[in-house]
Amino acid sequence: MHVFVTGGAGYIGSCCCEYLLDQGHQVTVFDALLTGYRQAVDPRANFIEGNLADYAAIDSAIKKASPDGLIHFAAFIEVGESMSDPLKYFRNNVANALNLCQAAVENQVPKLVFSSTAAVYGMPSNIPISEDEPTDPINPYGEAKLMFEKILSWQHRLKGLHYCALRYFNAAGASRNYGEAHRPESHLIPLIMEAAEGKRKLIRIFGDDYDTPDGTCIRDYVHVLDLAQAHLLALQSDFCGSLNLGSGFGHSVKEVVEMVRRVSGKRFTVEVVARRPGDPARLIADSSAAKRILGWQPVYDSLEQIVQSAWDWRCKNPDGYSS
Ligand code: UDP
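For the structure given in this document, a descriptive report is provided here. Just so you know, the residues in each chain are numbered from 1, in the order the chain's sequence is written. Only residues with pLDDT of 70 or above have their local features reported here, since the model is predicted, and side-chain atom pairs are shown and tallied only from 80 upward, although totals for entire chains, interfaces and linings are computed over all residues. For the side-chain quantities, the full set of heavy atoms in the structure was used; hydrogens and water were omitted.

We call a pair of cysteine sulfur atoms a disulfide when they lie within 2.5 Å. Under the counting rule described, the total for this entry stands at zero disulfides. No disulfide involves C164; its nearest neighbouring cysteine sulfur is the one of C240, lying 7.9 Å away. Residue C164 is classed as buried on the basis of its relative accessible area of 0%. Each residue gets one of three labels from its accessible area relative to the maximum for its type: buried under 20%, exposed over 50%, partly exposed in between, using a 1.4 Å probe on protein chains only.

See below:
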């Protein structure tokens, strides 16, 4: 297949492109490089620097590639920033993405896979969370992702666009050559690793008074290469709709801190501070629908494998992509 990937210079996008190329597919990356890195684009991929705000740019890129499928990762991802600057998120993740939707329909792209999020569920009442859980986002980031899912569903009903929205839980780990290097960094595993590397003084745990066995929040960490596998399966499937992607296992913040200590062999300071507003105590996926419908079979299903791959990538790339 020839797969057109928006946001292929970002964390999940770059790992997914490497996976697709390893599987023998052709890849075209379309990325504005606002938060992604040129070095994160696999040299085997075609690269087009462009912004989704520019309809002519995305339309001509898709026309030229004439892809068999499209994966849409390009988006802003900072939940906290979405609370202070909501319009930035609605403008980019919804309004600009309309251009992509229109160009996909105009150019008859056979299938669009959308990078969605567990944040569409907000504060869910049932754990594990299935796709039947009501969607009720508690921040503009999650709301914008849900809005775009709904737009895709209308484009499907009215214009025949085939799509699949994949709602990831906590993406983590690294592929052979690409890893997590956000700017600024706000995600737990890379932050703990920065503390282990001595790049930050300490790691702060946001609250240890939750109703969980050790008092810290529980999340479902899913390996980025398992996510990549699901994207390829979704492109190849006739299924239209939304699916959860998680490992199905929950790990507390303290367990993750301990795992980084074990894997890295480093000592670092940990401080417990107040809760971060808007953090649910537990988020664990029920991904049985993705397994049943797509035939998804996660391979990296232990926290140790996830943390080990992230640590190996950092050891090989001590300066991330900045070097
Ligand atoms: N977390 C933390 N300290 C940090 C960053 C995150 O204790 O410096 C916690 C956060 O409260 C959440 C978990 O780690 O319970 C995962 O947070 P992250 O931001 O990586 O992903 P999220 O679950 O918010 O999507």
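A separate point is the layout of surface pockets. Gaps between atoms show up when a probe of the same size as a water molecule is rolled over them. A pocket here means an open set of points on a 1 Å grid, computed over the protein atoms alone, that has protein on both sides within 12 Å along at least five of seven lines. A cavity is instead a set of points where a 1.4 Å probe fits but cannot get out; residues with an atom within 4 Å of a point line either one. Grid points are joined across faces, edges and corners, and a volume is the space filled by probe spheres set on the points. Taken as a whole, the second largest pocket encloses approximately 220 Å³ of empty space. Class assignment for the residues of the lining of the second largest pocket results in five nonpolar, four polar and seven charged. Gly is placed with the polar residues, together with every amino acid not listed as nonpolar (Ala, Val, Leu, Ile, Met, Phe, Trp, Tyr, Cys and Pro) or charged (Asp, Glu, Lys and Arg).

Time to look at the sheet that holds strand β2 (residues 26-31). Across the sheet, seven strands lie side by side as β3-β2-β1-β4-β5-β6-β11; this open sheet has parallel pairing. A strand with exactly one partner marks an edge of an open sheet, and here the two such strands are β3 (46-49) and β11 (241-245). For this sheet, the mean inter-axis angle between neighbouring strands, taken without regard to orientation, is 20°. Two strands pair if DSSP finds at least two bridges between them. Per the convention used, a helix needs a DSSP run of H or I reaching at least four residues, while a strand needs a run of E reaching at least two, with both numbered from the N terminus. Judged from the three bridges that link them, strand β4 (residues 69-72) and strand β5 (residues 112-117) form a sheet pairing that is parallel. Here the axes come from fitting lines to C-alpha atoms, over the contacting stretch only for helices, and the angles between their N-to-C directions go from 0 to 180 degrees.

With that settled, consider the nonpolar core. As used here, the term nonpolar core means buried Ala, Val, Leu, Ile, Met, Phe, Trp, Tyr and Cys residues forming a set that is joined through side-chain atoms within 4.5 Å. With 44 residues, the main nonpolar core has I12, L20, V27, I71, L166 and L245 as its most contacted residues. Broken down by secondary-structure element, the contributors of at least two residues to this core are β1 (2-6), α1 (11-22), β2, β6 (163-168), α7 (224-236), β11 and α9 (288-294). In terms of nonpolar packing, the next biggest core, distinct from the first, is built from 24 residues, M193, I205, Y210 and F268 among them.

Looking now at the site of the ligand. Taken together, 15 residues surround the ligand, and among them L188, R204, R219, R276 and D279 come closest. Here a polar contact is recorded for every N or O atom pair within 3.5 Å, except that within protein the pair must consist of a potential hydrogen donor and a potential acceptor, and residues adjacent in sequence are included only if both atoms are side-chain atoms. One nitrogen or oxygen atom from the main chain of S186 is found 3.5 Å from an oxygen atom belonging to the ligand. Where accessible areas are quoted, they stem from the Shrake-Rupley method and a 1.4 Å probe; at the residue level, only the protein chains shown are allowed to cover. Here the ligand, which alone exposes 520 Å², has 86% of that area covered by the protein. With four residues, strand β8 (residues 202-206) is the single largest residue contributor to the shell around the ligand. Across the shell around the ligand, the residue classes tally to eight nonpolar, three polar and four charged. Nearness of a residue to a molecule or strand requires only that one of the residue's heavy atoms be within 4 Å of it.

What follows deals with the pattern of salt bridges. The term salt bridge refers to a side-chain nitrogen of Lys or Arg lying within 4 Å of a carboxyl oxygen of Asp or Glu. Per the counting criterion, the structure on display carries 16 salt bridges. For R176, the salt bridge is made with D22, and the minimal N-O distance between the two is 2.8 Å. With a gap of 154 residues between them, R176 in the loop between β7 (170-172) and α6 (188-196) and D22 in helix α1 connect regions that are remote in the sequence. Classification of D22 by relative accessible area gives partly exposed; the value is 38%. Between E194 and R200 there is a salt bridge, with its nearest N and O atoms 2.9 Å apart. Accessibility expressed as a relative area gives 17% for E194, which makes it buried. Sharing partners across several salt bridges, the network here consists of E18, D22, D42, R44 and R176.

On to the packing of helix α4 (residues 86-106) against helix α5 (residues 140-159), then. As a packed pair, α4 and α5 sit with axes 9 Å apart at the nearest point and diverge in direction by 20°. By the angle between their axes, α4 is roughly parallel relative to α5. Regarding α4 and α5, the two cross each other, and that crossing is right-handed. Where α4 approaches α5, its residues P86, Y89, F90, N93, V94, A97, L98, C101 and V105 are matched on the opposing element by P140, Y141, E143, A144, M147, F148, I151, L152, Q155 and K159. Its residues assigned to classes, the contact of α4 with α5 comprises 15 nonpolar, two polar and two charged. Should an angle fall under 35 degrees it is taken as roughly parallel, and over 145 as roughly antiparallel, whereas 65 to 115 is taken as roughly perpendicular and any remaining angle as oblique. Definitions for this section: a left-handed crossing has its near helix turned counterclockwise from the far helix by less than a right angle. A right-handed crossing has that turn clockwise. Two residues form a contact once any of their heavy atoms are found within 4.5 Å.

Glancing now at the pairing of β4. The alternating pattern of β4 places G69 and I71 and L70 and H72 on opposite faces, both of which are buried. In this structure, β1 lies alongside β4, joined through four bridges in parallel fashion. Note on β4: the bridge partner recorded for F4 is L70.

Now for the packing of aromatic side chains. What characterises a pair of aromatic rings is the spacing of the ring centres plus the angle enclosed by the ring planes. Note on aromatic contacts: the rings of Phe and Tyr and the six-membered ring of Trp form a pair at centre separations within 6.5 Å, being stacked when their planes are under 30 degrees apart, edge-to-face when over 60 apart, and tilted otherwise. Throughout the structure, instances matching the rule amount to five aromatic pairs. Among the aromatic side chains, those forming a connected cluster through ring pairs are Y37, W313 and Y321. Here, a charge over a ring is recorded when the distance from Lys NZ or Arg CZ to the ring centre is within 6 Å and its angle to the ring normal is within 35 degrees. Cation over ring: K88 sits above F76, and NZ or CZ is 4.5 Å from the ring centre. Between the NZ or CZ atom of R275 and the centre of the ring of Y210, over which it lies, the distance is 3.9 Å.

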